[in-house]
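Structural overview for review
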Amino acid sequence: MKIALVTGASGDIGFSICQSLAADGWSLYLHYHSNKQKVIQLLKELEQSFPKQEFFLVQADLSDATAVSALKNQLFSLNALVFAHGTTEFGLLRDLTPESMDYLWNMHVKVPILIAQAVQEKIHRTENGRIVFISSIYGEMGSSNEVFYSTVKGAQIAFVKAYSKEVASWGLTVNAVSAGAINTQMNSHYSGDELLDLKSEIPMGRLGEASEISFWVQQLLKPESAYMTGQTLTVSGGWLK
Ligand SMILES: NC(=O)c1ccc[n+]([C@@H]2O[C@H](COP(=O)([O-])OP(=O)(O)OC[C@H]3O[C@@H](n4cnc5c(N)ncnc54)[C@H](OP(=O)(O)O)[C@@H]3O)[C@@H](O)[C@H]2O)c1
C-alpha cells in the first residue's frame, strides 16, 4: 500500500489532490483544520470509489508547532507528503503585526518543515518517497499587499531547493508546484470587477482550476518522476512569468 498525507484536504486544491491521488491508487490521510464536514464527504466519496484503498481523517492546527507530535502519532507508514493547506493575509507591510507574521510563518514554513523532519525516517524506509509543497507565484515574483505571504511562499521554494539535495540519495524527491490565481475559496473575496481586472492580467485570461494544480501533483508522485527533484513547477496560465 502506498500512502500519502495531504494537508488541507478540506480546501479546494487539497480536495482535488486527494481525488487525483486516489485515482492513482494512493491511500490517504486526509488532513483538515476546522472543516470536518468537507473531509467526511470526501472520505465517503473515496471509500465508495476506491474500496481497496484506505482513507483516514487527521485534524491539526498547522499554525501551532505543538500539533506536530500528535499528528506524527496518527501516521503509520508514509510514502508521500503533500502540503496543500494555508491562508493569506492582505494589507501593507506597515500594518503587519508580529502575531500575523508568526501565524503565516508557522503555517507555511516552520510547521511543514517540522512535519518533514518528524516523518523523515518513515519516508526514508519507503521507495519513491515524495514531498510536494503547493507554493505560489507570489513566492517567486512577489506581490505588494501580500508581502509576508510572498515571503513565506518563497521560503517554501528555498526549502525545497535545499532539502531535496540532502535526501536525494534516498530516492526522496522534494518539489513545489507554484500556483497562479486558482478558482478556490481563497479567492472568493474578489468582487466581479476585481476578478475582471485580475483576469485581464493573466495571459490565459482566466483563473486556473484546482484540478489543473492537482494534475501536476499527481505526476510528481508517480514513480516515473523519480529523477525530478528540487524544482518548482509554475502553473499560472502564464501570469507573472
Ligand atoms: N487559490 C490560489 O489562488 C492559490 C494560489 C497559490 C497558492 N495557493 C496555495 O494553495 C494552498 C491551498 O489553498 P486553496 O486555494 O485550496 O485554499 P482554501 O480552499 O481556502 O483551503 C485552505 C486550506 O487550508 C486549511 N487551513 C486553514 N488554516 C489552517 C490551519 N491553521 N491549520 C491547518 N490548516 C489550515 C483549511 O482547512 P479547514 O478548511 O479545515 O479549516 C483548508 O483545508 C495554500 O497553501 C495556498 O497558499 C493557492
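Read on for a plain summary of the structure. These figures come from a predicted structure and were not determined experimentally. (Residues numbered from 1 in each chain as written. Predicted model: local features only at pLDDT ≥ 70, side-chain atom pairs only at ≥ 80, totals over all residues. Heavy atoms only, no water.)

Remarks on the site of the ligand
If you check the shell around the ligand, you find 34 residues, and the closest are S10, S34, H85, Y149 and T184. One of the backbone N or O atoms of G8 is found 3.5 Å from an oxygen atom in the ligand. Take I182: an N or O atom from its main chain is 2.8 Å from an oxygen atom of the ligand. If you list the elements that add at least two residues to the shell around the ligand, you get helix 1 (12-23), strand 2 (27-32), helix 4 (98-124), strand 5 (130-136) and helix 6 (147-167). (Near = heavy atom within 4 Å. Polar contact = N/O pair within 3.5 Å; in protein donor to acceptor, adjacent residues only side chain to side chain. Helix = DSSP H or I, 4+ residues; strand = E, 2+ residues; numbered from the N terminus.)

Side note on the packing of helix 1 against helix 8 (residues 210-220)
Between helix 1 and helix 8, the shortest axis-to-axis distance is 8 Å and the interhelical angle comes to 50°. In terms of orientation, helix 1 lies oblique with respect to helix 8. Both helix 1 and helix 8 take part in a crossing whose hand is right-handed. Contacts between helix 1 and helix 8 involve D12, I13, S16, I17, S20 and L21 from the former and A210, S211, I213, S214, V217 and Q218 from the latter. Taken together, the residues that form the contact of helix 1 with helix 8 break down as 6 nonpolar, 5 polar and 1 charged. (Axes fitted to C-alpha atoms, helices over the stretch in contact; angles between N-to-C directions. Parallel < 35°, antiparallel > 145°, perpendicular 65-115°, else oblique. Left-handed = near helix turned anticlockwise from the far one by under 90°. Contact = heavy atoms within 4.5 Å. Nonpolar A, V, L, I, M, F, W, Y, C, P; charged D, E, K, R; others polar.)

Regarding helix 4
Helix length check: helix 4, at 27 residues, gives a terminal C-alpha distance of 36 Å against a target of 39 Å (1.5 Å per residue), a fit within 8%. Approximately 55° is the largest bend angle found in helix 4, and it occurs at N106. (Expected span 1.5 Å × (residues − 1). Bend = angle between axes of the 7 residues up to and from the residue.)

Here's the deal with the nonpolar core
In this structure, I17, L21, L28, L30 and L221 are the most contacted members of the largest nonpolar core, which totals 32 residues. Elements represented by at least two residues in this core include exactly strand 1 (3-7), helix 1, strand 2, helix 2 (36-49), strand 4 (80-83), strand 5, strand 6 (173-179) and helix 8. If you tally residues by element for this core, the top one is helix 1, at 6 residues. Membership of the second largest hydrophobic core comes to 28 residues, among which are A60, L62, L71 and F133. (Core = buried A, V, L, I, M, F, W, Y, C linked by side-chain atoms within 4.5 Å. Buried < 20%, exposed > 50% of the residue type's maximum accessible area, 1.4 Å probe, protein only.)

By themselves, these figures tell us nothing about what the structure is for.
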